[in-house]
Amino acid sequence: MDNSLRIENALRKLENIESLLKEIEANSRSSDAEVWHKDRAAIGGEKVNVGVRVNILTVGNVDNVKQEFTAEFFVIFSWKEPTLKGMQREDVVWEEHWDPRVLFANSVTNDSLLKKHYLIYEPNDEIPLVKMWMKVSGTFKENLELNDFPFDKQELTVKLMSDWPVDEMEFEKDMSIKDSIRTDTFTGEVHLTLGCIAYL
């Protein structure tokens, strides 16, 4: 076999390997819309601290048998994003930039999931702050304590997590503004005594 045939065969094998790798990557994604971002280390970045705050709109439909409840809420994430330095919100293709890869670990169904991004420049700081608003409506799983039923008190939790490892990204409470709860929109079949909001 001459050199030209060897080179041709080698190139064909490389093309097959490239095609196989692309197929493996596509099959590893949870959906066709999912974008895989480079980790921060790959672009010279540091660990990202993502601030979190919550505005709870409704909580209700607590099912003692299925041990589930429904909730609708806004959750707002914020982080400094040096890769967007000098850009404005309308210039950003958000699907192509870093994302905290938010997951709700105890979600049973997501009836609605809306997402919006904002880019904010604070005074005397050229590194913009990204605020990502998510409006979530769905059903969530909870291990209910029913020993005192029907006079039981429950802690209903939405478990927030990320696909990123903790050495690259971490959630923290956004202390710049308080969380909020709208009690007037709660369903009436359950009496709720409200305490604090906890983050995972």
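Everything numeric in this text was worked out from a predicted model, so none of it was measured.

Counting residues in hydrophobic clusters, the biggest one holds 28 residues, and the most contacted among them are F73, V75, F77 and F104. Where this core is concerned, the elements lending two or more residues are β1 (48–63), β2 (68–80), β3 (102–104), β5 (129–141) and β7 (169–173). Not counting the four nearest positions on each side in its chain, F104 is found in contact with F73, V75, M134, V136, F140, V158, K159 and L160.

Glancing now at the confidence of the model for the chain. Here the chain averages 77 in pLDDT, and 70% of its residues register 70 or above. Low pLDDT, under 50, characterises residues 27–32; the stretch is placed with 4 contacts to residues that sit more than four places away or in other chains.

Summarising the element assignment, W133 is placed in strand β5. Residue W133 is classed as partly exposed on the basis of its relative accessible area, which comes to 30%. In this structure the C-alpha to C-alpha distance between W133 and S78, which are 55 residues apart in sequence, comes to 8.8 Å. In contact with W133, other than residues within four places in its own chain, are R53, F74, V75, I76, L114, K115, K116 and Y118.

About the cut-offs
- Residues numbered from 1 in each chain as written.
- Predicted model: local features only at pLDDT ≥ 70, side-chain atom pairs only at ≥ 80, totals over all residues.
- Heavy atoms only, no water.
- Core = buried A, V, L, I, M, F, W, Y, C linked by side-chain atoms within 4.5 Å.
- Buried < 20%, exposed > 50% of the residue type's maximum accessible area, 1.4 Å probe, protein only.
- Helix = DSSP H or I, 4+ residues; strand = E, 2+ residues; numbered from the N terminus.
- Contact = heavy atoms within 4.5 Å.
- pLDDT = per-residue confidence, 0-100.

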